Amino acid sequence: MNTKKYCTAVIPAAGTGIRMGTKIKKQFLELGGKEIIASTIEKFEQCKEVDEIVLATASDTIELLWSIVKREGFQKVSAIVEGGKERQHSVYAGLCVANKKAEIIVVHDGVRPLVEVEDIKKTIIMAQQKGACVLGVKAKDTVKICNTNNEIITTPQRNLVWYIQTPQAFQKDLLLKAFERAKRENFVGTDESMLAERDGNVVFVIEGHYENIKITTPDDIIIAEAFLKKEKEK
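Residues numbered from 1 in each chain as written. Predicted model: local features only at pLDDT ≥ 70, side-chain atom pairs only at ≥ 80, totals over all residues. Heavy atoms only, no water.

### Some thoughts on the pattern of salt bridges
When the charged atoms of two side chains lie near each other, side chains of opposite charge can form a pair. Taken as a whole and assessed by the stated rule, the structure comprises 14 salt bridges. Note that K34 and E42 form a salt bridge whose closest N and O atoms lie 3.3 Å from each other. Judged by its relative accessible area of 26%, E42 is partly exposed. E72 is the partner of K34 in a salt bridge, and the nearest nitrogen-oxygen pair spans 3.7 Å. Residue K34 is located in strand β3 (residues 34-35), and its partner E72 is located in helix α2 (residues 62-72); the two are separated by 38 residues in the primary sequence. The network of salt bridges with shared partners includes K34, E35, E42, R71 and E72. (Salt bridge = Lys/Arg side-chain N within 4 Å of Asp/Glu carboxyl O. Buried < 20%, exposed > 50% of the residue type's maximum accessible area, 1.4 Å probe, protein only. Helix = DSSP H or I, 4+ residues; strand = E, 2+ residues; numbered from the N terminus.)

### Focus on the side chain of T61
The topology assignment puts T61 in the loop between β4 (52-57) and α2. Dropping the residues within four chain positions of it, T61 is found in contact with K25 and F28. (Contact = heavy atoms within 4.5 Å.)

### So, the packing of helix α1 (residues 36-46) against α2
Where α1 meets α2, the closest approach of the two axes is 11 Å, and the angle between their N-to-C directions is 55°. Classed by the angle they form, the pair α1 and α2 counts as oblique. Relative to α2, α1 is oriented so that their crossing is right-handed. Across the interface between the two elements, I37, A38 and I41 from α1 touch L65, I68, V69, R71 and E72 from α2. Here the contact of α1 with α2 is composed, by residue class, of six nonpolar, no polar and two charged. (Axes fitted to C-alpha atoms, helices over the stretch in contact; angles between N-to-C directions. Parallel < 35°, antiparallel > 145°, perpendicular 65-115°, else oblique. Left-handed = near helix turned anticlockwise from the far one by under 90°. Nonpolar A, V, L, I, M, F, W, Y, C, P; charged D, E, K, R; others polar.)

### Quick word on the sheet that holds strand β6 (residues 104-107)
Think of a sheet as strands paired side by side through backbone hydrogen bonds, with each pair either parallel or antiparallel. Judged by pairing direction, the sheet is mixed, and its seven strands sit side by side in the order β5-β4-β1-β6-β10-β7-β11 without closing on themselves. Whereas interior strands pair on both sides, the edge strands pair on one side only; in this sheet they are β5 (77-82) and β11 (204-207). Going from strand to strand, the sheet's axes swing by 25° on average, the running direction of each strand aside. Direction of pairing for β4 relative to β5: parallel, over a ladder of five bridges. (Pairing = 2+ DSSP bridges.)

### Re α2
Within the sequence span of α2, burial applies to L65, I68 and V69. Viewed end-on, α2 has its buried residues packed into an arc of 100°, placing them on one side of the element. α2 presents E63 and K70 as exposed residues on the side facing more than 90 degrees away from its buried surface. Tucked inside the fold, the buried residues of α2 contact β3, α1, β4 and β5. Once α2 ends, the next one or two residues include G73, with phi positive near 75°. (Arc of directions from axis to C-beta.)

### What about helix α4 (residues 117-130)?
Under the 1.5 Å per step criterion, the end-to-end length of α4 is 20 Å for 14 residues, consistent within 8% with the ideal 20 Å. Taken residue by residue, α4 has D119, I120, T123, I124, A127 and Q128 as its buried positions. Looking at the packing, one finds that the buried side of α4 touches β1 (7-13), α1, β6, β7 (132-138), β10 (162-171) and β11. Immediately downstream of α4, the backbone of G131 shows phi near 110°, a positive value. (Expected span 1.5 Å × (residues − 1).)

Following this line, the structure appears as structure tokens:
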């Protein structure tokens, strides 16, 4: 029996890219001969578990993003909405226009183009089974918790520390409820799992890959190019 549930991918790409220091917004910079956002969308286009893609971007780049979607021939993109000031607002805008059939929502940073299709699939399947799931990698370094004076308070056990990435996948009703509570209480979180946790849900972590970096600074471009070169040499 086919237990697959309709899945909408929401990809926020409304960042200004201040830390990148370029006139072009980071999601539209080229990486390996293609815009970062185009490479990101392509991974979700390739994932059979994803039925629909909704993009959120700044009002002045909606037309540009549509032109990329049409040029690349992406068939799953159903809407491009105007994003908000914070990532949370952009994701919520995308969530609100998702197909009514959607039972699973998978959220992914527009500037994480090196995600593996298999990892997208794994998070979606886990969300179907458990309700909420995020991708992450185990910490390699010792992590310290400090106070506002940069004084170390405690050192958490390293094998329990994860660096959380995207995609993050959720049953739609669970995620929508968490977003609506955050909206009512004027709470802004750093990612979707934070909202889900805050609303009393258990969120599971699946181990991903260290190559799935978020491209934020010029150094990240260099690292991503190195990962791409390595991939081509395999």
